[in-house]
Amino acid sequence: MFFRIAIASAITLGVLSQNSWADAETDALRQQIKALEAKLDAIESRQAAQKPQPAQIVATSPAPVISASPATPALAARVDALEQKDASEPTVSYGNGQGLTITSPNKDFQLRMSAYFQADDHTFLSDSNPSSNTDQFFIRSARPIFEAKLYDQFSARLMLDFGNGQTTLLDAYGDYNADDAFNLRVGKFKDPIGIERWQSEQNILFVERGMTTNLVPYRDNGVQLYGNIIPHVLEYQLALTNGAPDQVNSTNSTDDDQNVTARIFAHPFHDADMKVIQGVGIGIAGSYGNHNGSVSNPELTSGYVTPAQSKFFTYLAGGTAATTAYASGQQWRLDPQATYYNGPFSMISEYVLEEQDVRLGNTKKGLENNAWEAIMTYVLTGEDARFDGVIPRNNFDPKHDAWGAFELAGRFSALHIDDSAFPVFASLAASAKAAQETTLGGTWYMNPNIKLNLDFALTQFDGGALNNGDRPTEKAVLTRAQVKF
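Residue numbers here run from 1 along each chain, matching the order of that chain's written sequence. Totals for whole chains, interfaces and linings use all residues, but because this is a predicted model, local features are given only for residues with pLDDT of at least 70 and pairs of side-chain atoms are given and counted only at 80 or more. Side-chain metrics in this entry use all non-hydrogen atoms of the structure; hydrogen atoms and water are not considered.

So, the environment of glycine 329
To keep it simple, the criterion reads: Helix numbering and strand numbering both begin at the N terminus, where a helix is a DSSP run of H or I of at least 4 residues and a strand a DSSP run of E of at least 2. Only heavy atoms enter the contact rule, under which two residues are in contact if any of them lie within 4.5 Å.
Relative to the elements of secondary structure, glycine 329 occurs in strand S14 (residues 326–342). In sequence terms glycine 329 and lysine 365 are 36 residues apart; their C-alpha atoms lie 9.5 Å from each other. If near-sequence neighbours (up to four positions away) are discounted, glycine 329 is found in contact with Gly289, Asn290, His291, Asn292, Asp357 and Lys364.

Description of empty space enclosed by the protein
We apply this condition: Of the grid points, spaced at 1 Å and generated over the protein atoms alone, those admitting a 1.4 Å probe that cannot get out make up cavities, while open sets with protein on both sides within 12 Å along at least five of seven lines make up pockets; any residue with an atom within 4 Å of a point is treated as lining. Grid points are joined across faces, edges and corners, and a volume is the space filled by probe spheres set on the points. Note on residue classes: Ala, Val, Leu, Ile, Met, Phe, Trp, Tyr, Cys and Pro are nonpolar, Asp, Glu, Lys and Arg are charged, and everything else, Gly too, is polar.
Across all of its chains, the model carries 3 cavities of 30 Å³ or more by this definition. A volume near 50 Å³ is recorded for the largest cavity. Looking at the largest cavity, the residues that line it are Pro245, Asp246, Glu299, Leu300, Thr301, Tyr304, Tyr315, Gln331, Glu354 and Gln356. Taken together, the residues of the lining of the largest cavity sort by class into 4 nonpolar, 3 polar and 3 charged. In this model, the second largest cavity occupies a volume close to 40 Å³. Forming the walls of the second largest cavity are Asp191, Ile193, Pro217, Asp220, Thr241, Gly243, Ala244, Asn259, Thr261, Ser287 and Arg333.

Thoughts on the side chain of aspartate 220
Definition in use: The classification of residues rests on relative accessible area computed with a 1.4 Å probe and restricted to protein chains. Under 20% of the type maximum is buried, over 50% is exposed, and intermediate values are partly exposed. Counted charges follow a simple rule, with Lys and Arg positive, Asp and Glu negative, and His plus the chain ends left uncounted. When a carboxyl oxygen of Asp or Glu lies within 4 Å of a side-chain nitrogen of Lys or Arg, that pair is called a salt bridge. By the criterion applied in these results, polar contacts are pairs of N or O atoms within 3.5 Å in which, for protein atoms, one can donate a hydrogen and the other can accept it, and in which residues neighboring in sequence qualify only through two side-chain atoms.
Checked against the element boundaries, aspartate 220 lands in strand S8 (residues 220–230). Although aspartate 220 is buried, it makes no salt bridge; arginine 333 carries the closest opposite charge, 7.6 Å away. A polar contact is formed between the side chain of aspartate 220 and the backbone nitrogen of alanine 244, at a distance of 2.7 Å. Within polar-contact distance, the side chain of aspartate 220 engages the side chain of serine 250 at 3.4 Å.

What to know about the packing of aromatic side chains
Working definition: an aromatic ring pair is given by the centre-to-centre distance plus the angle between the planes. We apply this condition: Classification of ring pairs rests on two measures: the distance between centres of Phe, Tyr or Trp rings, Trp counted by its six-membered ring, which must be within 6.5 Å, and the angle between planes, read as stacked under 30 degrees, edge-to-face over 60 and tilted in between. Any Lys NZ or Arg CZ that is within 6 Å of a ring centre and within 35 degrees of that ring's normal is treated as a charge sitting over the ring.
Overall, the coordinates contain 10 aromatic pairs when judged by the stated rule. Measuring from ring centre to ring centre gives 5.5 Å for tyrosine 304 and phenylalanine 313, while their planes differ by 20°; the resulting arrangement is stacked. For the residue pair tyrosine 304 and phenylalanine 313, the accessibility class agrees, reading buried in each case. Taking 5.4 Å as the distance between ring centres and 20° as the angle between the ring planes, the aromatic pair formed by phenylalanine 406 and tryptophan 444 counts as stacked. Here phenylalanine 406, found in strand S17 (residues 405–416), pairs with tryptophan 444, found in strand S18 (residues 432–447); they are 38 residues apart in sequence, far enough to count as distant. Judged by relative accessible area, tryptophan 444 falls into the partly exposed class, the value being 24%. We note arginine 185 situated over the ring of tyrosine 173; from NZ or CZ to the ring centre the distance is 4.0 Å. Above the face of the phenylalanine 461 ring, arginine 471 is positioned so that its terminal group lies 5.1 Å from the ring centre.

Here it is in structure tokens:
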């Protein structure tokens, strides 16, 4: 019996010494206590069968009688005390690629802090633009992220970027989360158009995005309604923003007009019995606005780029009324898009059609540009392909013959500029009329925090050189090491 008392006392002291502030830990302690007491009961039963049960041990001093009664009530009291302590202290968790999370005792407030950076290398095997294409290592992105929950229905997000030697504000918005179907966002955020642009920078399948992202904005300021009309089946976004030009991370507006952007996306077979069609996703997005720039603020794209980030098209910007093109009227975009996921296989595709009224001097024209892309991927190690990134079944650990997850991907995309853009609004000798790219790549997901990319990107051009010639084909090897924490 003394053996039981000693063990129970040791457990109690162990519980007291723990700096526990998670419900999971107290539950684990309860389970351990029950298991130990079961073992003690079995030992005492065997002892009772071998010899007479010893009498209770009573102290001769004024100390209380110590009996062989189970220690569970005392231990339970200790655990209850720990639970009460938990209720008065914040909880902290870290790991699983989710960053550091601090939650208030009453669960009303939560702060999550995370970050990631991308260390890239661009190596050009043949330069389409030798004056600007440089073989180099550089930090493409370095982004601290702060996300907060404020009571049950409010949340906020702040994300900065220190990549490329610059400081940029990317996300700065607050949300009112009424329910699944109705949420309101105010601040700076991604416009809900462009399926590859919609994918987080952390989870894109290649080192850089394809041609279709040239025809959609980067980020903009405004308000947005969004939600899931049918959870997991039908979602929508409706935004009113300043109207950022193509490829532009807007900071402010230089005219009085705004853009309306809408997107609806469905997984119509999410609950179907046939697994092969459950991963079908189809949607459409569009935007409309009127924008009137000037010679000093053209309100046009700063340029369309290849996957190696070299510019192949720019509007004329000579600095005078006779040599500078600028936005002058309506702009609209239409973007049908689709995704498909089935186990380790995935497909993503979209088509973007854009019309932009452009003026140079006394000449005004509605230019119609378009781009398309198709992406296919396959996870060699068998994990599910996911829009928000593959999760390795086994993290990289060579000592235990674990190597993470490997995904192969291919992308084909093209962008065509309206023929009417030349030679009035753009130079045939400096800007290509079209570009087609083929990118083959592989991603190694070492664990949820670390991944490596290796891509080969080939881009061919129509026009863009002197004497109506074609700009030389661009061949580039792009690599990336991404770490998030």
